[in-house]
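# Working through the structure, step by step
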2 protein chains.
Amino acid sequence: MFLSKSFGYALRGVLYVALLEPKGNKIKIEQMADKLAVPRHFLAKIMKKMVQEDILTSTKGPYGGFSLSPVTLQTKLLHLVKITDGMEQFNTCVLSLRKCNSKNPCPLHFQMLQIRDGMLAEFSKTSIGDLLDKKNPDFIKSISVI
Amino acid sequence: MFLSKSFGYALRGVLYVALLEPKGNKIKIEQMADKLAVPRHFLAKIMKKMVQEDILTSTKGPYGGFSLSPVTLQTKLLHLVKITDGMEQFNTCVLSLRKCNSKNPCPLHFQMLQIRDGMLAEFSKTSIGDLLDKKNPDFIKSISVI
DNA sequence: TTCAAAAAAGATATTCATGTCTTTTTTAGT
DNA sequence: ACTAAAAAAGACATGAATATCTTTTTTGAA
């Protein structure tokens, strides 16, 4: 409920790169999957999607890996949700009723509208950079072990 | 996201019974599945669960069907969520981190806490009876066609 | 130019929610 | 007792999210 595992992997992945890449070398998927305790190839697919969306950059070959793009830190969480979960959930009735809308509401329409709008607002205003706390020595732990 | 289809079926099912059963006969699964445009046997399983939880009553055999229990209208939506989706989602970290809690928060901990608590509060206070609007001649429509 | 390292891509497997079909149990009326 | 109607139960099918395994492409360095 709320969000998929893929979203969690995406966020932890990009935060990992944002935290460690500035220290030097590019980040390898092997290392990430290890440290984040996440399925390697599944993570790789999600990372690839983020690269396609310019949320990250990547280079192949020796000394390659993932690194920040010019917009990584400004990327809103909602962009990650779009990639991993899609936006449909925010527009579709919780009772799956196609005709449901504010003129013709299902019994839960306005309650769900409020909850979803709250989430939308939060995820629209929060960026990757907002979540990144380099000053906190425990930050890496807070995204690591499942 | 947010809630499963099963939850939607459960809510529409119980509202359907609450709306039509007082008018006379018990409600047959066949009729419900038809009017709600929902998979018959899948709905049957969910109705059975609600009966097991005393949210509804049922009688087998000729002239049987589903009817209200003494507590149907007082049942909170959260009870339906428990049955269909489970409560785990409200207690588990959005990033699937087992160690995440308010002392040791993941980067999204407090944002998600707020959103989930909002939803919990709403679903804890709202009952089936609260959603049932018998005065509204279009109520049946608002839970009918998918 | 060849080699090895790395991401990208593709193929297959597993799990879980959802959906369908069949059989069993219960029960009211004859 | 018998029959038919209805829910309950069980077996099987499908689809989507998640996970694993293999092959291809790219590229830096010797």
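Our subject is the structure listed above.
Residues numbered from 1 in each chain as written. Chains lettered and ligands numbered in written order. Predicted model: local features only at pLDDT ≥ 70, side-chain atom pairs only at ≥ 80, totals over all residues. Heavy atoms only, no water.

## Things to note about the protein's contact with DNA strand D
Cut-off, in case you're wondering: Throughout, the term near means that a residue has one or more heavy atoms lying within 4 Å of the molecule or strand in question. Within 3.5 Å is the distance limit for a polar contact, defined as a pair of N or O atoms, with the added protein rule that one can donate a hydrogen and the other accept it, and that residues adjacent in sequence qualify only through two side-chain atoms. Only DSSP runs of H or I with at least four residues qualify as helices, and only runs of E with at least two residues qualify as strands; both kinds are numbered from the N terminus onward.
Taken together, 27 residues form the shell around DNA strand D, and within it Ser6(A), Tyr9(A), Pro62(A), Lys48(B) and Ser58(B) come nearest. Taking all atoms of DNA strand D within 4 Å of the protein, the share assigned to sugar and phosphate is 67%. The contact in question runs from a base oxygen of DNA strand D to an N or O atom on the side chain of Lys45(A), over 3.0 Å. Between DNA strand D and Lys60(A) there is a distance of 3.5 Å, counted from a sugar or linking oxygen to a side-chain nitrogen or oxygen. Every element with two or more residues in the surface near DNA strand D is listed here: α1 (5-20) and α3 (40-52) of chain A together with α3 (40-52), β1 (56-59) and β2 (65-68) of chain B. For the surface near DNA strand D, the element with the highest residue contribution is α3(B), accounting for four residues.

## Some thoughts on the layout of surface pockets
Vacant regions in the atomic arrangement are exposed by a probe of water-molecule size rolled over the atoms. What counts, and what does not: Of the grid points, spaced at 1 Å and generated over the protein atoms alone, those admitting a 1.4 Å probe that cannot get out make up cavities, while open sets with protein on both sides within 12 Å along at least five of seven lines make up pockets; any residue with an atom within 4 Å of a point is treated as lining. Grid points are joined across faces, edges and corners, and a volume is the space filled by probe spheres set on the points. Polarity classes work like this: nonpolar for Ala, Val, Leu, Ile, Met, Phe, Trp, Tyr, Cys and Pro, charged for Asp, Glu, Lys and Arg, and polar for all others, with Gly in that last group.
Approximately 340 Å³ is the volume found for the largest pocket. Forming the boundary of the largest pocket are 15 residues, of which Lys5(A), Thr92(B), Cys93(B), Val94(B) and Ser96(B) lie nearest the centre. At the level of elements, α1 of chain A together with α5 (88-91) and α6 (109-125) of chain B are the ones that each hand at least two residues to the lining of the largest pocket. When the residues that make up the lining of the largest pocket are grouped by side-chain class, the tally is eight nonpolar, four polar and three charged. Approximately 260 Å³ is the volume attributed to the second largest pocket. Lining the second largest pocket are 16 residues, with Ser58(B), Thr59(B), Lys60(B), Gly65(B) and Phe66(B) sitting closest to its centre. At the level of secondary structure, the elements contributing two or more residues to the lining of the second largest pocket comprise α2 (29-36), α3, β1 and β2 of chain B. When residues in the lining of the second largest pocket are grouped by element, the largest group, five residues, is from α3(B). In terms of residue class, the lining of the second largest pocket is built from five nonpolar, six polar and five charged.

## Some points on the packing of aromatic side chains
Ring pairs (aromatic) are described by centroid distance and by the angle formed between their planes. As a reminder of what qualifies: For Phe, Tyr and Trp, where Trp contributes only its six-membered ring, two rings pair if their centres lie within 6.5 Å, and the inter-plane angle classes them as stacked under 30 degrees, edge-to-face over 60, or tilted in between. Each residue is placed in one exposure class: buried if its accessible area under a 1.4 Å probe, protein chains only, is under 20% of its type's maximum, exposed if it is over 50%, and partly exposed if it falls in between.
Applying the stated criterion across every chain yields a total of seven aromatic pairs over all chains. Each ring, one from Phe7(A) and one from Phe123(A), has its centre 6.0 Å from the other, and the planes form 45°; the classification is tilted. Placement of Phe7(A) in helix α1 and of Phe123(A) in helix α6 (residues 109-125) is noted, with a sequence separation of 116 residues between them. Under the relative-accessibility criterion, Phe123(A) is labelled buried at 1%. Between the aromatic rings of Tyr9(B) and Phe42(B), the centroid separation amounts to 5.7 Å while the plane-to-plane angle is 85°, which identifies the pairing as edge-to-face. Placement of the pair is Tyr9(B) in helix α1 (residues 5-20) and Phe42(B) in helix α3, with a sequence separation of 33 residues. Taking the relative accessible area as the measure of exposure, Phe42(B) reaches 36% and is therefore partly exposed.

## Here we look at α1(B)
Selection rule: To estimate the expected span of a helix, subtract one from its residue number and multiply by 1.5 Å.
The first and last C-alpha atoms of α1(B) sit 22 Å apart over 16 residues, in line with the 22 Å expected at 1.5 Å per residue. Taking burial as the measure, the 16 residues of α1(B) include 14 buried ones, the bulk of the element.

## Remarks on the relation of the copies chain B and chain A
Threshold: Alignment of the copies relies on least squares applied to C-alpha atoms, considering only residues that score at least 70 for pLDDT in both. Note on definitions: a residue-residue contact is assigned when non-hydrogen atoms from the two residues lie within 4.5 Å.
The two copies are related by a screw motion: chain B maps onto chain A through a turn of 180° and a shift of 0.0 Å along the axis, at an RMSD of 0.0 Å. Read as a symmetry element, the transformation amounts to a two-fold axis. When you check the interface residues of chain B against chain A, 98% turn up at the interface there too, and the contact is symmetric in its surfaces.

## Some thoughts on the interface of chain B and chain A
Using the following cut-off: By buried area we mean how much accessible surface two parts lose on assembly, using a 1.4 Å probe and totalling the loss over both. For salt bridges, the criterion is a side-chain nitrogen of Lys or Arg within 4 Å of an Asp or Glu carboxyl oxygen.
Across the contact, 40 residues belong to chain B and 39 residues belong to chain A. Between chain B and chain A the total buried area reaches about 3300 Å² when both faces are included, carbon and sulfur atoms providing 76% of it. Counting every contact that joins chain B to chain A gives zero salt bridges. Summed over the shared surface of chain B and chain A, the number is zero residue pairs in polar contact (both at pLDDT 80 or more). Of all the secondary structure elements, the ones that give two or more residues to the side of chain B that touches chain A are α1, α4 (77-84), α5 and α6 of chain B. Of the residues forming the side of chain B that touches chain A, the biggest block, eight residues, is contributed by α6(B). Broken down by class, the residue content of the side of chain B that touches chain A amounts to 25 nonpolar, eight polar and seven charged.

## Notes on the nonpolar core
Here is the rule we go by: Throughout this description, the term nonpolar core refers to a set of buried Ala, Val, Leu, Ile, Met, Phe, Trp, Tyr and Cys residues connected via side-chain atoms within 4.5 Å.
If you look at the biggest cluster of nonpolar residues, it comprises 95 residues, and the most contacted ones within it are Leu11(A), Phe123(A), Leu11(B) and Phe123(B). In this structure, Leu11(A) is in contact with Leu77(A), Leu80(A), Ile128(A), Leu131(A), Leu95(B) and Leu108(B), ignoring residues within four places of it in sequence.

## A few points about α6(B)
The end-to-end C-alpha separation of α6(B) is 24 Å, in line with the 24 Å expected for 17 residues at 1.5 Å each. All buried positions along α6(B) are accounted for by His109(B), Gln111(B), Met112(B), Ile115(B), Arg116(B), Met119(B), Glu122(B) and Phe123(B). The inward-facing, buried residues of α6(B) abut α6 and α7 (128-131) of chain A together with α1, α4 and α5 of chain B.

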